[in-house]
Amino acid sequence: MKFAVVNFPGSNCDMDLYYAIRDGIKEEVELVDYRETSLDGFDGVLIPGGFSYGDYLRSGAIAVHAPVVKEIVRFANEGKIVLGICNGFQILTELGLLPGALIRNEKSRFICETVTLKVINDKTAFTNCYQENEEIRIPIAHGEGRYYCDDKTLAELKANDQIIFKYDRNVNGSVDQIAGVTNKQKNVLGMMPHPERAIEDILGSDDGLKLFQSIINYQVRVNN
Amino acid sequence: MKLVKIYVTLKPSVLDAQGEAIKSAINTMGYEKISGVHMGKYFELNFDNDYPELEKDVDAICDNLLTNPNIETYRYEIMEEE
Amino acid sequence: MKLVKIYVTLKPSVLDAQGEAIKSAINTMGYEKISGVHMGKYFELNFDNDYPELEKDVDAICDNLLTNPNIETYRYEIMEEE
Amino acid sequence: MTEPTAKQIKDEKNYQQWGLTDSEYDLISQKILKRLPNYTETGLYSVMWSEHCSYKNSKKVLRKMPNKSSRVIAGPGEDAGILDIGDDQAVVFKAESHNHPSAVEPYQGAATGVGGIIRDIFSMGAQPIALLNSLKFGPLKDGKTKHLVDEVVAGIGGYGNCIGLPTVGGEVSFEDCYENNPLVNAMCVGLLNKTAFKHGTASGDKNLIVYVGAKTGRDGIHGATFASDEFTDTKNKQRSAVQVGNPFIEKLLMDACVEIIEKHPEWVLGIQDMGAAGLVSSTAEMASKAGSGLVLNLDNVPQRETEMNAYEMMLSESQERMVLCIKPEYKDDVLDFFKDYELDAVVIGQVTTDKQYKIYHQGELVTDIPVDSLTEDVPEYDRPEVEPQRMIDDRDYKFVPEIDSLEETWNNLLKQPNIASKKHFYQTYDSQVKANTLVKPGSDAGVIRIRGTKKAIAMTNDSNSKYVYLNPYVGGQIAVMEAARNIVAAGGEPIGVTDCLNYGNPENPEVYWELDKSVEGISSACEKIDTPVISGNVSLYNEYNDVAIYPSPMIGMVGLIDDIDKVTTSAFKEAGDLIYVVGETADDFNGSELQMQQTGSIKGDLRPLDLTEEKLHQDLIRMAIGQKLIQSCHDLSEGGLAVALSESAFDNSLGFDIKTKLTSAQMFSETQSRFLVSIKESDKDEFEKLIKTDFECLGYVTQEHIFKVTTADETVLMDGKKAANNWKEAISCLMK
Ligand SMILES: Nc1ncnc2c1ncn2[C@@H]1O[C@H](COP(=O)(O)OP(=O)(O)O)[C@@H](O)[C@H]1O
Ligand SMILES: [Mg+2]
């Protein structure tokens, strides 16, 4: 499987994600510049964390207007894999590919910490290697990671099993302690925690590895 | 020449964490009489010329870029620039 | 009950990197007629009661907390809250 | 504003406002130029001859520091020092103070401090890999200090998080003397492929000077002289001397500079950041170092304000700017390269051979002076020094603590802001971005692995200014050795040091004595463990209304871990492991947190530090770690054994059951040269055989979160959870 890691000006977890694919699950991966207009030849697109455009205006708001984004939307609509982590999640909600919004943490401060997540839906392209309700340790690092959506949206998310990860405690004030959600079709995942920082034991956890392995699993099934 | 002043605020249903933090900083500074703080954004857009669809365009710019309609609302005024 | 609306903007001499980035995003969206964008902050402060030194306190809060006098200026209006 | 004429400047002594003394002005006009310097020229001299740029007051003292070892590739004199770590790789590091800017404008002051030190690293061609910081404030008792602390911490995090560098270490402490003069020191560590190393020089006739990065505005004009000027109430309004940072632009600049040097080394002859005293300092130093001259045309400088004069442009400290010296034939390549990063890059001048520094502005030659006169001809001052009276008065004072309740004293000490967990602060720093962080803040030293190798780099910031205040010489030694113990405890070999020397007004003989003696202490300790001082920074005039801060040398130390298997943390690992303290404990209470807690101040002399014993203990611990005998290792510092034991237990919510020959009071003694380690029981014999003497086996790690302790005086059972809460929550409570 060949992944594109899209690099916006100000992205800063692009290499982390690149190494997670290349060294963690040993698949093909390339960095793609935000000015590219085609993602032909890739099977999945990954949007890394960081501060695209310095988080000017709102986090993720300006990246949405970069040329490569049209291709991300195409991937999403064609049912291909799209994963946004942290700033990538913010970009996906700004784009409207995912419901809700990410806003300033409840206590207003940036938080960097390894937290426990609960896997809520283990039947997706991103989670099929986990067990339902499995608890995994994944780092977070964000100032604007509080997931917000209105009640109606929340009801829909629940009804469609779109809530994928939840925090085990209220770290940032997210609605329903949501840490990651997919679109209805479940080919687009956005999450604030950083699985790419949890792919080696020596870094404190390798619980993120299964997320990337799930994608490969899923793709193999789709291809057959 | 037109100057458009845009005010963006969080919807009341969304907790304004920054506003809260600022309020408690104001309290810490010794000003106790304050009962609420809300923080929003303020934009000034300049247009060289007036044109018929200006208002339509400003609405579109607000909806598609300057605000996130999930969480924010806006209002604006269009004025003649000095 | 008093409502204080505070508008904070960058001094003209300070590079408004955000404003520039927003302007170029607006251009990319296809709106070419815009000639300038400036981004600032907007605050609403509520006070339960009026009191004689309100204005003095608002100035102090602006100077010491809400703005960075090195790079920003502010103006405000005090109004009776609905 | 019309500029004063050269004659007016002389007659009205305007140069004094800019920090030049009469004799310095006379030296410039009579000996160097043999004419009166004009407005711009006077400005250039005043800023280049400030303490911040010239080290005129501290040079004599700085020369005492060792700066050689088999690893040193570049030492003081470059933007940052470089140490060889084998395999054609090197580490690059430096620390810098941003004290006065942070006092005036805490968020931006701290943020630009971080931004500036990062530029010093990538201007060497190195890839920055980690950040650290050392912060000192007044006590957390009023809203003003809390706001200051909040803003400084937010500024450090705001910059580092956005640019995407992990902040892996640092320290925060609180003493009365920093209330109006906080210290904000930042350190950056980078990794270099040895072939990529670039000097900050401008050489070769007709080569071009290129300006890259943010546009120039009026920010921070005279920031450099401002930093060297002591603080009074009235100057608090001097806001115009503060710069504003933009980490987004710096990220682009960093990535671009690292890439151009790595991929196109032939394009770039020299590179330097614009830090203090911006354009003048960077270009004059580049030319002077190369023995060249320079012509600059200011009309080409990207400007974001109108009607700036030459003086303002040369002295502006606008952030996120770099200067490159390139060969003319690569001009288009270089400019296009930066354009692709959406950065401004323009040619602003040319290298010449006449050693003159010439500046044109709007067609006029506004400066024509020998370039070396800005950098080399600065008078050096040999200041009078005298031993502080307090040292003579208190020489024989010996603090004897009284412990009514071991448990109560212990719990109270864990709540002291200087001892309590600093997580409230460091959890706002991204410590893991780049996915190389093996040890995050919270242990002894931060550790970053070098991807693709077995190696890792350990790094730490240390300074206990209370000790330096009581005895500058011994305190200086302790600062170095404490840093070294942190590195050793993490599994590293200390290899080099950077420093920030934060002191009061050097014209005060007592302050100068403190500076001199503490540097001698630092030097002797560095020599002992072969850690050369390869970079650093001096910040003098840290006073408020004529009261100086404690002498506060900050030691930034870097260590090499040759195999990541050796990485060790301070946390106890498993119940049943044996706990040892290595090093004898004596009654060292002067300057201790216990003395502070019981008397509200510190007083008395320090015992001399036995450097040989200190080094022996470090070597033994390193050997034990190398032989895989160590489960956890923690250096003993403030609060002594009691605090070290608690900290080791908190992380994994374990407990301990120990019995010691020490008295209850000695549990808090701050004797140097000690480590707390835990080992597997099966390694007991081998471990004891290796360490031989000077150790005590205290007991073992327990599963229950309970501290069971028998001292020479009493037995206590402490609730680990309660102790942990005291330690973990104290700062958050105080910051509310
Ligand atoms: N206390 C010190 N110890 C060792 N070297 C120092 C010290 N202070 C300054 N230096 C060295 O002197 C040189 C000039 O320092 P500085 O003026 O702070 O650099 P910059 O111009 O980047 O601010 C640097 O190489 C620095 O490492
Ligand atoms: Mg420098």
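These numbers were taken from a predicted model, which means no experiment stands behind them.

Talk me through the coordination of the magnesium ion (ligand 2); I want residue IDs and the actual numbers.
Residues and elements named next belong to chain D. At this site the magnesium ion (ligand 2) is bound by D79 (OD) and D120 (OD), with donor distances of 2.1 to 2.6 Å. Within this pair, whereas D79 is found in the loop between β1 (72–74) and β2 (81–84), its partner D120 is found in helix α7 (residues 106–122), the two being separated by 41 residues in sequence. Across the pair, D120 and D79 agree in class, each one buried.

So what's going on with the site of ligand 1? Which residues, and what values?
Residues and elements named next belong to chain D. With respect to spatial proximity, 17 residues lie near ligand 1, and among them Y55, G77, E78, D499 and G536 are the closest. G536 places a main-chain nitrogen or oxygen 2.9 Å from an oxygen atom of ligand 1. One of the backbone nitrogen or oxygen atoms of N537 is found 3.0 Å away from a nitrogen atom of ligand 1. Out of a free accessible area of 550 Å², ligand 1 has 88% covered by protein chains. For the shell around ligand 1, the secondary-structure elements that each account for two or more residues are β3 (89–97), β17 (493–502) and β18 (533–539). Here the shell around ligand 1 gets five residues from one element, more than from any other, and that element is β18. Residues of the shell around ligand 1, tallied by class, amount to seven nonpolar, four polar and six charged.

Pulling in residues and values, what's your account of the relation of the copies chain B and chain C?
Of the transformation superimposing chain B on chain C, the axial component is 0.0 Å and the angular component is 180°, with the fit at an RMSD of 0.2 Å. Taken together, the rotation angle and the small translation identify this as a two-fold axis. Relative to the rotation axis, the C-alpha of B:K41 is the closest in chain B, positioned 2.3 Å from it. When you check the interface residues of chain B against chain C, 100% turn up at the interface there too, and the contact is symmetric in its surfaces.

Any details on empty space enclosed by the protein? Residues and values, ideally.
Residue and element names in this part refer to chain D. The tally for this structure, following the rule as stated, stands at five cavities of 30 Å³ or more. Taken as a whole, the largest cavity holds about 50 Å³ of empty space. Taken together, R390, M391, D394, R395, Y469, L470, G604 and D605 make up the lining of the largest cavity. Of the residues assigned to the lining of the largest cavity, the class counts are three nonpolar, one polar and four charged. Estimated volume of the second largest cavity: approximately 50 Å³. Lining the second largest cavity, in full, are V581, G583, E584, T585, K661, L662, D694, F695 and E696. Split into classes, the residues belonging to the lining of the second largest cavity amount to three nonpolar, two polar and four charged.

So what's going on with the pattern of salt bridges? Which residues, and what values?
Tallied over the entire structure, the rule returns 71 salt bridges over all chains. One salt bridge in this structure joins A:E78 and A:K80, with 3.2 Å as the shortest N-O distance. A relative accessible area of 27% places A:K80 in the partly exposed class. As a salt-bridge pair, A:D176 and A:K166 come within 3.1 Å of each other at their nearest N and O atoms. Here A:K166 lies in strand β9 (residues 163–167) and A:D176 lies in the loop between β9 and β10 (178–182), a separation of ten residues in the sequence. Members of the salt-bridge network, linked through shared partners, are D:K60, D:K64, D:D382, D:E385, D:D516, D:K517 and D:E520.

Help me get a handle on the sheet that holds strand β4 (residues 81–85) of chain A, residues and values and all.
Two strands in a sheet stick together by hydrogen bonds in their backbones, pointing the same way (parallel) or opposite ways (antiparallel). All names here are of chain A. Taken in spatial order, the nine strands of this open sheet run β2-β1-β3-β4-β11-β10-β9-β6-β7, and their pairing is mixed. Whereas interior strands pair on both sides, the edge strands pair on one side only; in this sheet they are β2 (28–33) and β7 (135–142). Here the strands of the sheet are splayed against their neighbours by 25° on average, with no regard to which way each runs. Of the strand pairs in this sheet, β4 and strand β11 (residues 188–191) are connected by four bridges, and their pairing is parallel. Bridged to I85 within β11 is M191. Contacting β3 (44–47), β4, β10 and β11, helix α3 (residues 87–95) runs over the sheet at an angle of about 120° to β4. Contacting β1 (2–7), β4, β9 and β11, helix α5 (residues 209–223) crosses the sheet at an angle of about 170° to β4.

Kindly report on helix α11 (residues 278–290) of chain D, identifying the contributing residues and their values.
Turn by turn, an α-helix covers 3.6 residues, leaving residues three or four places apart pointing in a common direction. All names here are of chain D. The terminal C-alpha atoms of α11, which comprises 13 residues, lie 19 Å apart, in line with the 18 Å expected from a rise of 1.5 Å per residue. Turning to α11, its buried residues are G278, L279, V280, S281, S282, T283, A284, M286, A287 and S288. Immediately beyond the C-terminal end of α11, within one or two residues, lies G291, with a positive phi of roughly 70°.

Got a sec to walk through helix α24 (residues 684–691) of chain D? Specific residues and values, please.
Residues and elements named next belong to chain D. What α24 keeps buried is the set F687, L690 and I691. Down the axis of α24, the sector holding all buried residues measures 90°, keeping them to one side. Exposed residues on α24 whose side chains face more than 90 degrees from its buried face are D685 and K689. In this fold, the buried residues of α24 make contact with β22 (578–582), α22 (611–626), β25 (675–679) and β26 (695–702). K692 occupies a position one or two residues after α24 and carries a positive phi of about 70°.

Residue-level account of the interface of chain B and chain C, with values.
Listed as interface residues are 33 residues of chain B and, on the opposing side, 33 residues of chain C. Ranking the residues of chain B by area buried against chain C places B:Y31, B:K33 and B:Y42 at the top, with a combined share of 20%. The interface formed by chain B and chain C includes zero salt bridges. Per-element accounting of the side of chain B that touches chain C gives the leading share, 14 residues, to strand β2 (residues 34–47) of chain B. Residue composition of the side of chain B that touches chain C, by class: 18 nonpolar, seven polar and eight charged. Pairing between β2(B) and strand β2 (residues 34–47) of chain C: 13 bridges, direction antiparallel. Note on β2(C): the bridge partner recorded for B:G36 is C:N46.

Analysis parameters
Residue numbers here run from 1 along each chain, matching the order of that chain's written sequence. As they are written, the chains are lettered A onward and the ligands numbered 1 onward, keeping that order. Local features are withheld for residues below a pLDDT of 70 in this predicted model, meaning they are given only at 70 or higher, and side-chain atom pairs are given and counted only at 80 or more; totals for whole chains, interfaces and linings count all residues. Where side-chain values are given, they derive from all heavy atoms of the structure, hydrogens and water being excluded. Listed donor atoms are N, O and S within 2.8 Å of the metal (Na, K and Ca: 3.2 Å). As water is not included, a site may look incomplete. Segments assigned H or I by DSSP are reported as helices when at least four residues long, segments assigned E as strands when at least two residues long, and all are numbered from the N terminus. Any residue under 20% of the maximum accessible area for its type is buried, any over 50% is exposed, and the rest in between are partly exposed; the area is computed with a 1.4 Å probe on protein chains only. Note on terminology: near, applied to a residue and a molecule or strand, indicates that one of the residue's heavy atoms is within 4 Å of it. Two N or O atoms count as a polar contact when they lie within 3.5 Å, although within protein this holds only if one can serve as hydrogen donor and the other as acceptor, and sequence-adjacent residues are included solely when both atoms are side-chain atoms. Using a 1.4 Å probe, accessible areas were evaluated by the Shrake-Rupley method; residue-level cover was limited to the displayed protein chains. Any residue outside Ala, Val, Leu, Ile, Met, Phe, Trp, Tyr, Cys, Pro, Asp, Glu, Lys and Arg is labelled polar, Gly included; the first ten of those are nonpolar and the last four are charged. Superposing the copies works by least squares over the C-alpha atoms of residues that have pLDDT at least 70 in both of them. Contacts: residue pairs with any heavy atoms within 4.5 Å of one another. Think of a 1 Å grid over the protein atoms and nothing else: a 1.4 Å probe that fits but is trapped marks a cavity, an open set flanked by protein within 12 Å on at least five of seven lines marks a pocket, and residues with an atom within 4 Å of a point count as lining. Grid points are joined across faces, edges and corners, and a volume is the space filled by probe spheres set on the points. Take a side-chain nitrogen of Lys or Arg and a carboxyl oxygen of Asp or Glu: if they are within 4 Å of each other, that pair is a salt bridge. The pairing criterion for strands is at least two bridges between them, as found by DSSP. To obtain an axis, a line is fitted to C-alpha atoms, over the contacting stretch when the element is a helix, and the angle between two such axes runs from 0 to 180 degrees between their N-to-C directions. Multiplying one less than the number of residues by 1.5 Å gives the expected span of a helix. This arc is built from the directions going out from the helix axis to the C-beta atoms. Here the quantity called buried area is the accessible surface, traced with a 1.4 Å probe, that two parts lose on coming together, added over both.

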